[in-house]
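Report on the structure
Residue-level listing of the chains:
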Amino acid sequence: MAIRVQLDRILAERRMSLTELADRVGVTVANLSILKTGKARAVRFSTLDALCRELECQPGDLLAHEPGPGSDLGDPFDDAED
Amino acid sequence: MRLPKLPAIGIRAPRLPGANLKTLGPGSVSSLLKIALDVAYVLLALITGVLLLLWVASIFIPIDNLNVTVSDGADGRQMPLTRPLLLFGVGAITAYFGGFLMILRGLRKIFRTLTLGDPFQPDNVRRLRQIGLILAIVTGGVWVAQGLVAARLAPGVMEPQGISDLLTPVFSILVVFVLAEVFREGARLRRESELTI
């Protein structure tokens, strides 16, 4: 997927840890990790709203679109049961 | 062209009894069925084990002067029991029970996930496909075996199964494969939901 979540950069700028952000937003550290590492398939608006509120930023600061070769990796779960 | 909206006539479908039954999770209908499947599995395993021992014993036991009677209830005829016939008969019955034992094994594992309240697991897709395949093999085997018995052993006494006798089993097998695809889609949606933050 070509959407990148730039959580690392903003956390460093705000001097906040992932655990602290998870507590404030009400999302587990595991789920925030999934978001940070680009493995998430979707983000709810409510989660995006909470992230922007706690990090005092805009959605555009968090999300970036970086198309390129290999950015569309398809659904890793397709035929996973085979 | 838009059709005019009809006024509501105030008829509501009756609420089915047991509509509030808990079907998934601990203490649900699924857990009751799982217990039943466990019991059936143990019984069938014992029966299959005995049949398997019997089949092995059939290789060695003396069968001289033994006859088998083929009858449709009215008339019958006797024929000598040969070792290939004995091995075929006992082997066919053992394979039949063995096939259903494997089906029960798959069903038990599926119902275990239902009891845990998490039905849409990728493994359930594979299990359903296996159940469909075993059902197809057992159904085909029974059809062929009955055809052989009717043609060779009991001509005129037992009628072979026609193609029409396969309609219901084939329909059931296809339904199982369709269910496997439904579970596959469910597992995909479950995964999507897990990765939605």
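Residues numbered from 1 in each chain as written. Chains lettered and ligands numbered in written order. Predicted model: local features only at pLDDT ≥ 70, side-chain atom pairs only at ≥ 80, totals over all residues.

**Examining the overall build of chain B**
When helices and strands are tallied, chain B shows four helices and two strands. The N-to-C order of helical and strand elements in chain B reads α-β-β-α-α-α. In terms of overall size, chain B is more extended than a compact globule, its C-alpha atoms giving a radius of gyration of 24 Å where 197 residues would be expected to give roughly 16 Å. Along the longest, intermediate and shortest principal axes, the C-alpha atoms of chain B span 80 × 45 × 30 Å. Counting over 197 residues, chain B shows a buried share of 12%. Considering only residue pairs separated by 6 or more positions, chain B has 71% of its internal contacts joining residues 24 or more positions apart. (Helix = DSSP H or I, 4+ residues; strand = E, 2+ residues; numbered from the N terminus. Rg over C-alpha atoms; globule rule 2.2 N^0.38 Å. Buried ≥ 20, exposed ≤ 12 C-beta atoms within 10 Å, placed from the backbone. Contact = placed C-beta atoms within 7 Å.)

**Comments concerning the overall build of chain A**
If you tally the helices and strands in chain A, you get five helices and two strands. Ordered by position in the sequence, the α and β elements of chain A form the string β-α-α-α-α-α-β. Residue burial in chain A is summarised as follows: out of 82 residues, 10% are buried. Long-range contacts, defined here as pairs at least 24 residues apart, represent 63% of the contacts in chain A between residues at least 6 apart.

**A short note on the packing of helix 2 (residues 83-115) of chain B against helix 3 (residues 122-153) of chain B**
All names here are of chain B. It is the contact of helix 2 with helix 3, at a shortest axis distance of 10 Å, that shows an interaxial angle of 160°. Comparing their axes, helix 3 and helix 2 come out roughly antiparallel. Note that helix 2 runs across helix 3; the crossing there is left-handed. Across the interface between the two elements, A92, A95, Y96, G99, F100, M102, I103, G106, L107, K109, I110 and T113 of helix 2 pack against N124, R127, Q130, I131, I134, L135, I137, V138, G141, V142 and A145 of helix 3. (Axes fitted to C-alpha atoms, helices over the stretch in contact; angles between N-to-C directions. Parallel < 35°, antiparallel > 145°, perpendicular 65-115°, else oblique. Left-handed = near helix turned anticlockwise from the far one by under 90°.)

**So, the interface of chain B and chain A**
Each partner contributes residues to the interface: chain B has 11 residues there, and chain A has 14 residues. Only helix 3 and helix 4 (167-194) of chain B provide two or more residues apiece to the side of chain B that touches chain A. Of the residues forming the side of chain B that touches chain A, the biggest block, five residues, is contributed by helix 4 of chain B. Classifying every residue of the side of chain B that touches chain A by side-chain character gives five nonpolar, one polar and five charged. (Nonpolar A, V, L, I, M, F, W, Y, C, P; charged D, E, K, R; others polar.)

**Thoughts on the nonpolar core**
Membership of the largest hydrophobic core is limited to 10 residues, which are I103, V125, L128, I131, I134, L135, V138, I173, F183 and A187 of chain B. Top element by residues in this core is helix 3 of chain B. It accounts for six residues. (Core = buried A, V, L, I, M, F, W, Y, C linked by C-beta atoms within 7 Å.)

**Remarks on the environment of L174 of chain B**
Residue and element names in this part refer to chain B. Within the element layout of this structure, L174 appears in helix 4. Take L174: there are 12 C-beta atoms within 10 Å of it, and that puts it in the exposed class. Between the alpha carbons of L174 and F111 there is a distance of 20 Å; along the sequence they are 63 residues apart.

**Things to note about the confidence of the model for chain B**
With 94% of its residues at a pLDDT of at least 70, chain B reaches an overall mean of 88. Model confidence for the complex: the whole-complex pTM is 0.76, and ipTM, which rates the interface, is 0.79. (pLDDT = per-residue confidence, 0-100.)

**Observations regarding the packing of helix 2 (residues 18-25) of chain A against helix 4 (residues 45-55) of chain A**
Residue and element names in this part refer to chain A. At a closest axis distance of 9 Å, the pairing of helix 2 and helix 4 adopts a crossing angle of 120°. By the angle between their axes, helix 2 is oblique relative to helix 4. For the element pair helix 2 and helix 4, the recorded crossing hand is right-handed. Each of L21, R24 and V25 in helix 2 lies in contact with helix 4, whose residues at this interface are T47, A50, L51 and E54.

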